[in-house]
Each structure stands twice: as structure tokens, then as C-alpha cells.
Amino acid sequence: MKKRVVATPFLALFLALNAYANTDREVEQLLLLSMEDLLSLKIKISTNTDQTLSKAPSVVSVITAEDIRATGATNLREILQSVPGIYVRSNLFGFRPQVTFRGAAAAHTLLMVDGAPMRDLVWTSGIFSRGLPTSMIDRIEIIRGPGSALFGSDASAGVINVITKAAGRIEQSEAGLRVGSFDTQSVWGQHKATWNGFDIGVTADLSHTDGYNPFIPVDGQTAKDDAFGTQVSYAPGNARYGWNGQDFRFSASKDNWRLLAGYAGHSDLEIGLTGAGVLDPLTQGRDSRTDIALFYNNEAFEPDWGVNAELRYYHLDYTSGDGFQERPPGYVNATGTYPDGLINQMRSAERGFSFEASGLYSGIKQHAIRLGGGYSLKDLYRVEQFINFGTGPNGSPLPAGGPLVDVSDTPYAFAPEKARRISHLFVQDIWTLSQDWELTAGARYDHYSDFGGTLNPRVALVWQSTDRLTTKLMYGQAFRAPSYLELYAQTAANIPNPDLTPERSNTWDLSLTYAASKELRLGLDLYQFRQTNLIAPDATNQFQNAGDRTSRGVELEMQWQATKTLRVAGNLTQSKEDDSPFRSVSLPERKAYLRMDWKFDPKWNWNIQANWIGERELPLGDPRAPLKAFTLMDTTLRYVPHADWEFAASIRNLFDADAREYTSSSITGNLPLPGRSFYAEMKYKF
Amino acid sequence: MRCNRKPHLVQAVLLLVALICHFPLAAAREMPSEQSVRAAMVFNFLKFTEFPPEAIAKSPEIRLCMAVRDARQAEALAALAGRKVQGRELIVVDFTTQSAECHVFYVDSHQRWNAAAEHLAPSRALTISAYPGFARDGGMVEIAIQTDGARFDINLAEGRRAGLRFSPQLLRLARLIHE
């Protein structure tokens, strides 16, 4: 009896140790596979050798060009909705996509394209943000959770890095054409070449849409008309959301050097409704953004040292054209009558550069230590504003019915011409404690010229629990720098506060990934996300660091290769907000996604996907009923008759579901989302 | 009784841990590391490459020389040692400029390739790397690892120059063939 007591724990320990994966065994098993099978395996990219986001011990999702192609998505906004924890909210102003993670406002999402943040100094996600055309996307890497210890500001709730099709990643030259509902047309092309030892990549995408133009029976002006006995509102009428898009990218790479240059522009941008929910048929805006980046990457710079460096430049500008028409012609208020309505013309331009260098030291056994730092300058160098209402250039109120007045270069313009300088330092160590345990610890210090410094640490412990189960426990702090709008911009709605400090957050994540079989993978993530120092207007409408909120949630994921030709994937998000007045409202606490891809013939693929968005609570004091849950189903059939040709047809919102997005109560019915729509595309590869 | 219960509990917990940890391995691990996949690919390239008789006739073994910095990659390649390929035992060694003959050469960076290439020239080794641009730099097999799978390119001209023949089976699977 005594012998058994001793022997059993010994046996147990032996079995456990013996079972942990080791390289020998892994290689042994891979050698059993045919070359074809080997090439089709999904591969774990290790943390210290790959420079992508997926290296991070975080809750990471990756969407590949293949995933996008199968769903027929034409814009980034459509594909992100499939990620657990993400809800893409459509803003009434221009139908802008606002990407939210885990119930936090879109300002807490860091959206990057090839590592360059898409944020501008004044607006949280670009005044005319339109997402990105999918034709230029190679893959999208998404971190759910904090990323400030690596990426700095805004990475509180989540990080999205869009990696474009660049030199070395374009497998084949191709040209494509798409047409669809709402008079939507787009053409795109990609080309790869080599020149003097350089790999060259070029992509271009041109698009036009009239917009889905939802019917708005009552707008923000309707109640004013009732109060002042006028009839100037454009409602009932349609909110026009048309625009043209242009996206061009060039890349060249050779040895350790890589150059990326991109231009993204939009013209004839219709905003549909102003921020106050008033129909604005006048505005035809325009914006553009140019990015140039030079990368140097040498993993064997010196024995034990790898080096990365990047130099970036960006320029962005926008104009509201003859708009914004904040109120329609004939508008009356206590000041008097405005025959042209309230006009607010805004033009702005911003430029900046940044430099970052880091070294990866692997001279200490079982450690990979990354040290780095950088500097960036962001300069809002042009702010022009012409108004016929509000405060004039000398600080006195403008009379009703007067001409447009230039308030540029005065304290009454919507933002100051001002530069922000940011310097940062970071360190991260990936410590391989044993074959199955890895600890990552790091911190980044950012210093801003306008409000000082902030330190954001992170720790992650990754345990390869069994051959099938990976467990990650993670903690991270993050911040969001106050925008110029909050710090300096005097607007009709708000008073700025130059003493604001960053919004802060801390997040705990426990993540489990379980490979139940070769065909079935399951993921579970539990999180607690606490935000503090949140910025909101006080009773006098001045911005203050005022509030806190805590959200807890669970995200479940499943991928199942049911048969050789049938793949099913899905996820489920459930979160719970606290009772704070700053808790998230108008965003869903529950959402689910399911997709099926059936390759019923080698030349055909059928995709069907469903997005279920749960009920959404409205802000305190909003008399309307909570927003109803809805399900949007899309389907895409793709046919590849020949290696050179490809055809696809999609129906989005297949069952024409009535889906609505939250707007302020002045638009009583909220914002209807697009109904059923049809698209067809063809592609030629050469 | 009380004394007996505790060891039973310990046994039960330990046995449970052992069972959870020892859950039978799937035919292939769901997400193998990139290093292991590269090593397995190297072995497959060896299987499907015909060496000129004079290169291996006198050798009772096939020597794989590696010039790599990543310890995990070295470990994965070392795991191939002792296996039989083309009827010969595979020997895995670190590459030095004094290295005896290499039949296969695995290198991980452009710099190390530049440093080693001139020493390798007479040996007619099968050269393999995963750094982007290797095939263009005069290497024979370039591996490209992505999360959704592995690919490889073959520089046929370099292979021919060294007197190596790649089997059609291998060529069929290549992403790119540099003629």
C-alpha cells in the first residue's frame, strides 16, 4: 500500500513531464506529414523573430486577405464586425465607421495602417474617416486589450494594424472591377515587379458610391421649427452619404530596407446629417492623407543584436467645401433669421514626422530584450474657418443674417495652429522560463510637450499547459492623450480645458486556447477593463477628467473544419458594465458572429455569415425604448473557372433586416442601417 | 482514516494533472512553431533532391551545416540528426569556415549567407534559408513562413549549377521557380 502511495505521484509527474511538447517531438510529428500537408499547416510565429503584431503575447486575431475575399467585404468596416469584442458603430455624421472595443468609445481604439496611427490631432478618428478598401489589405492584426506599452496613445481598448499589400507580399498582379447597389462602382489593381534588385509593389483603388441615403422622417431641426413656427427642416428627407475614394500605394524593398508610400483621398463627401442631427444636403467635403515610411530591419546587425529603425512622414488635410450647413436656410433663433442657414466652413492641414529605433538583444540565454525609443512631431499648421454665426474674430457675437466671416488665426477658430512633440522610450523582455512558460514584461514612457509624461507597463505570462491548451494571463495599462478638441478648441457645444490629463485604463485578461482536435479549435477570453480619468463635459460644458467605468466580459471563439470542404467559425461576446454614469451606452453588451465557407466544388466557394447585435441601452434621460437587437446576414458566391479569372456575387443584409444605430433623440427613429444590397465583381490575374 | 484520505486526494489530483497534460497528441500539433516547420521542410527537401553521385558517393553520411543565431531554430534542425535520408545518416553540425564538407547548408540571414557563400562554393551544397530574397541572392531554396502556412521558392539555375536535381514532386509544390 505504502509503495503505491509513493509510486502514483511519481508516475503522475513522469507522465506530465513527458507529455509537454518539446522540439524533438514536434519535429518528429511533422516528419510524419507529407510535404503537401506540411505546407497547409497553420504556424505559430514566435515572439522574438517576427516583427508583426501577432508576436505579442496578447489576445490577437488575424484576418487574412483570403478571409476577406471569401466574405466579399469591400471595406475594412465590414470585416471588423466579425471580431469578438469589436462593434463598428456607424456615426450619423457622414456614416463614419467608429471602431469600438469592449464597450469603450472609438477614441480608445488605435487604428494603424502599416504601423502608422490614423488619428489626427483634432478629431478622434479623422473627420471624414471612411475605413479602407479591402483590395489593398494583405492582412489585419487585431489586439483586444491594451497596447500602450508597445504603441503609445489610444491603445486602451484595442489595436488594429492593417498591413497593406506591399512589395514581397503581392503574389500576383491583378485587376478587378466591382459594381453594386447605391450606384457603387470600384476598380482596383495590384502589380508586382522587380527593378535593379528591388522588389516593387503598386496598388490602386478608385471607387464611387451614391450612398444608401436613409430616409429621415424627423431631424434635429424639426423641433426648432415647431418652437419658432418655421418650416425650414429638410426632413422628411434622405440623408445623403455619397463619396468617391482614391487609394494609391507604392512600395519597394531590398535587403534590409523597405519603403512604403501611400495616398488615400476622398472627394464629394456628403455628410448626410450634422453632428446635431440636422440634414445637410450642401456639404461636399474632401480629404487626403499621404504617408511615407522608410524601414530598416536587420536581425543580425551584430552577434546577439538585431536592429529595427523607421522614419515616417505624414500629411493630411480636409475641407468641408461650401458646408457645413449646421442649420438650413431660413433658420430662426433668438438672435434673428439666417437666410443662408448657419454656415461653418472648416479647412485644416496637419503634417508630422516620427523616428523610432529599437534593438533586440538575445545575448542572455532565454531572454530576448527589446530596447527602443523614438520622437515624433505632429503639427496642425493650417486651421481656417469661415462662419456666419457664433463668435466673430474680435470676440463679439455675429449678427443674424450677416455674411461669412473669417475667424482663422483667432482664438475663436475651431482649433489652434499648434504642434505637439512626443518622445518615448520602451523596454520589453521576453523571458523563456522553461519549455512551456514564457514571461513578457515591458513598459513604455511617453512624454508629450503639452501635458507631460505617462508610463504604461504590461506583463504577460504564457503557459503551454498541454499540447492542446495554451493559457495566457495578462495585465496592461494604457492611456489616451487628450485631443486638441478637448484641450484647445472652443466650439458651439463645448469649452476646452488645457489642464486635462490623459485618460487611463488597466486591463486583466485570462485567455485559453484549446485545440480539441485537428479540426476544432476553441478560444475563451475573460477580461476586466477599467478606465479612469475619462474626459467629459461638466455642467458648464467644459471638458474635465471626470469619470471611471469598469467592464467585465467573456469572448468565446470557435473554428471548425467540419469536412474537407466545409469550414465553420463563430464567436460570442458577452460583457457587463458597472453602474457608473460613464458606463457604455448605445453599444451592445452581447453580440455573436457565425460564418460558414463551403467549397462544394474546387472552382466554387459559398460563404454565408450572420452578425447578431444585441439590444442597446440608451443614455439616461433618453425617453425612447432601448435599441432592438438585429441580425444581418450576408452571402457571397465565388467562382474561379480558370487560374486567371475570378467572379463573385454578394448580397449584404440578405433578409433586409431593420437594423438601427443610435443617434441623439432629435432623430426619433435613430439611424436606419443599409437594407438589402447586391454586388458583383470580376478579377483578372496576370 | 483521516491520514489515508489525504494521500488519496494528492494522488487523485496528481493523476488528474497527469491525465490532462498527457492527453493524446493529435496527429500533428495544431500550431507547430515556425522553427519546427522549417526543420521538417529541410528534411523533405533532402528527400526530394538528388545529389550528384560524386558529391555523396564517398560519404557514408549526409552533413547538414547550419549558420543560425536563433537557438530554437538550431534545436529544431538538430532534432533531424541521426535520421536516415537517401540511405545515409544525417549529421547536423554548426557551420564554421573550417567546416568539413557540407551537403546541405541552412543559413538564417543575408549577412551570414554573404559571409559563408564563398566557403561553400566548392562543396555544391543544397542551400536553404528562410530570409526573404535568399533565392535572388543565389540560394537554392527559400522558405516563406506565414501564419496560414508555409511556401517555398526554388532557384533551379543554382541547383543545376551545383549538379542537384529537384524531383518534379517538389517543383510542383513550389510557389516560385527561378529558372
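So, a few notes on the structure that sits alongside this text. Quick caveat, the model's predicted, so the values are computed rather than measured.

How each quantity is defined
- Residues numbered from 1 in each chain as written.
- Chains lettered and ligands numbered in written order.
- Predicted model: local features only at pLDDT ≥ 70, side-chain atom pairs only at ≥ 80, totals over all residues.
- Heavy atoms only, no water.
- Helix = DSSP H or I, 4+ residues; strand = E, 2+ residues; numbered from the N terminus.
- Rg over C-alpha atoms; globule rule 2.2 N^0.38 Å.
- Buried < 20%, exposed > 50% of the residue type's maximum accessible area, 1.4 Å probe, protein only.
- Areas by Shrake-Rupley, 256 points an atom, 1.4 Å probe, with all protein chains shown as cover.
- Lys, Arg positive; Asp, Glu negative; His and termini not counted.
- Charge placed at Lys NZ, Arg CZ, Asp CG, Glu CD.
- Phe/Tyr/Trp six-rings, centres within 6.5 Å; stacked < 30°, edge-to-face > 60°.
- Polar contact = N/O pair within 3.5 Å; in protein donor to acceptor, adjacent residues only side chain to side chain.
- Salt bridge = Lys/Arg side-chain N within 4 Å of Asp/Glu carboxyl O.
- Contact = heavy atoms within 4.5 Å.
- Pairing = 2+ DSSP bridges.
- Axes fitted to C-alpha atoms, helices over the stretch in contact; angles between N-to-C directions.
- Core = buried A, V, L, I, M, F, W, Y, C linked by side-chain atoms within 4.5 Å.
- Disulfide = S-S within 2.5 Å.

Quick notes on the overall build of chain A
Right, so step 1: When you go through chain A residue by residue, the secondary structure sums to eight helices and 39 strands.
Right, so step 2: Taken over C-alpha atoms, the radius of gyration comes to 26 Å for chain A, in line with the 26 Å a tight globule of 686 residues would show.
Right, so step 3: Oriented by its inertia axes, the alpha-carbon framework of chain A measures out at about 95 × 65 × 55 Å.
Right, so step 4: The 686 residues of chain A split such that 55% are buried.
Right, so step 5: When the accessible surface of chain A is split by element, carbon and sulfur atoms take 59% of a total near 28,700 Å².
Right, so step 6: Positive and negative side-chain charges in chain A, numbering 67 and 77 respectively, have mean positions lying 5 Å apart.

Re the packing of aromatic side chains
By convention here, two paired aromatic rings are described through the distance between centres and the angle between planes.
All names here are of chain A.
Right, so step 1: Taken as a whole, this structure holds 31 aromatic pairs over all chains when the rule is applied.
Right, so step 2: Summarising the aromatic geometry, the rings of phenylalanine 93 and phenylalanine 128 are spaced 6.4 Å apart at their centres and angled 15° between planes, so their arrangement reads as stacked. Of the two residues, phenylalanine 93 is situated in the loop between strand E2 (86–91) and strand E3 (96–101) and phenylalanine 128 in the loop between strand E5 (116–117) and strand E6 (137–144); the sequence distance between them amounts to 35 residues.
Right, so step 3: Take phenylalanine 93: its relative accessible area is 10%, and that puts it in the buried class.
Right, so step 4: Overall, phenylalanine 128 belongs to the buried group, its relative accessible area being 2%.
Right, so step 5: Between phenylalanine 353 and tyrosine 375, the aromatic rings sit 6.2 Å apart at their centres with planes inclined by 50°, giving tilted as the arrangement. Placement of phenylalanine 353 in strand E22 (residues 342–361) and of tyrosine 375 in strand E23 (residues 367–387) is noted, with a sequence separation of 22 residues between them.
Right, so step 6: The exposure class assigned to phenylalanine 353 is partly exposed, which follows from its relative accessible area of 36%.

What to know about the side chain of arginine 420 of chain A
Right, so step 1: In this structure, arginine 420 of chain A sits in strand E25 (residues 418–432).
Right, so step 2: Only 2.9 Å separates the side chain of arginine 420 of chain A from the side chain of aspartate 450 of chain A, close enough to count as a polar contact.

Structural notes on the side chain of aspartate 120 of chain A
All names here are of chain A.
Right, so step 1: Secondary-structure assignment places aspartate 120 in the loop between E5 and E6.
Right, so step 2: Despite its burial, aspartate 120 pairs with no opposite charge, the nearest such side chain being arginine 119 at 6.5 Å.
Right, so step 3: Engagement of the side chain of aspartate 120 in a polar contact is seen with the backbone nitrogen of valine 122, the distance being 3.0 Å.
Right, so step 4: In terms of polar contacts, aspartate 120 uses its side chain to reach the backbone amide nitrogen of tryptophan 123, at 2.6 Å.
Right, so step 5: Look past the residues within four positions of aspartate 120 in its chain and what remains in contact with it is Gly126, Ile127, Leu316 and Glu350.

What about the sheet that holds strand E4 (residues 88–94) of chain B?
All names here are of chain B.
Right, so step 1: Across the sheet, which stays open at both edges, the eight strands sit in the order E3-E4-E2-E5-E6-E7-E8-E10 with mixed pairing between neighbours. Whereas interior strands pair on both sides, the edge strands pair on one side only; in this sheet they are strand E3 (84–85) and strand E10 (176–178).
Right, so step 2: Taken together, the four bridges between strand E5 (residues 104–107) and strand E6 (residues 126–129) define a ladder with parallel strand orientation. Each residue of the ladder has a partner; that of valine 107, found in E6, is serine 129.
Right, so step 3: Sitting on the sheet, helix H2 (residues 34–47) touches strand E2 (61–67), E3, E4, E5, E6, strand E7 (141–146) and strand E8 (149–155), and the angle it makes with E7 is about 150°.

Structural notes on the sheet that holds strand E1 (residues 59–64) of chain A
All names here are of chain A.
Right, so step 1: Pairing is mixed in the open sheet, where five strands are placed in the order E1-E6-E7-E4-E5. Two strands close off the open sheet at either side, each with one partner strand: E1 and E5.
Right, so step 2: Two strands pair when backbone bridges link them, and strand E4 (residues 109–113) and E5 are joined in this way by two bridges, in the antiparallel orientation. In the strand pairing of E5, valine 113 is matched with alanine 116.

Here we look at the pairing of E25 of chain A
Residues and elements named next belong to chain A.
Right, so step 1: By the bridge criterion, 14 bridges tie E23 to E25 in an arrangement that is antiparallel. What sits directly across from glycine 374, in E25, is histidine 424.
Right, so step 2: Bridging between E25 and strand E26 (residues 437–448) involves eleven bridges; their strand directions are antiparallel. Considered in E26, the bridge of leucine 425 is made with tyrosine 445.

A closer look at the nonpolar core
Right, so step 1: Residues Met41, Phe45, Leu80, Leu126 and Phe152 of chain B are the most contacted members of the largest nonpolar core, which totals 49 residues.
Right, so step 2: No other element matches H2 of chain B, which puts eight residues into this core.
Right, so step 3: Sequence-distant contacts of phenylalanine 152 of chain B, that is, excluding residues within four places in its chain, are made with Met35 and Leu39 of chain A together with Met41, Phe45, Val141, Glu142, Ile143, Leu170, Leu173, Ala174, Arg175 and Leu176 of chain B.

A word on unusual backbone geometry
A negative phi angle is the norm for most residues apart from glycine, just as the trans form is the norm for most peptide bonds.
Residue and element names in this part refer to chain A.
Right, so step 1: Proline 236 follows alanine 235 through a cis peptide bond whose omega is -5°.
Right, so step 2: Relative to the helices and strands, proline 236 resides in the loop between helix H7 (222–228) and strand E12 (237–238).
Right, so step 3: Cis geometry is adopted by the peptide bond preceding phenylalanine 324, which originates at glycine 323 and carries an omega value of 0°.
Right, so step 4: Within the secondary structure layout, phenylalanine 324 lies in the loop between strand E18 (305–319) and strand E19 (325–327).
Right, so step 5: Non-glycine residue aspartate 154 carries a positive phi angle of around 80°.
Right, so step 6: Counting through the fold element by element, aspartate 154 comes out in the loop between helix H6 (148–151) and strand E7 (158–164).
Right, so step 7: According to the relative accessible area criterion, aspartate 154 is buried, its value standing at 8%.
Right, so step 8: Unusually for a residue other than glycine, asparagine 541 sits at a positive phi of about 70°.
Right, so step 9: Here asparagine 541 shows up in the loop between strand E30 (520–537) and strand E31 (543–561).

Some words on the state of the cysteines
All names here are of chain B.
Right, so step 1: One pass over the full model with this rule turns up one disulfide over all chains.
Right, so step 2: Shown here is the disulfide that connects cysteine 65 with cysteine 102, its sulfur atoms set 2.0 Å apart. Taking the torsion about the S-S bond as the criterion, the cysteine 65 to cysteine 102 disulfide, at about -95°, is left-handed. Taken together, the positions of cysteine 65 in strand E2 and cysteine 102 in the loop between E4 and E5 put the pair 37 residues apart, joining distant regions of the chain.

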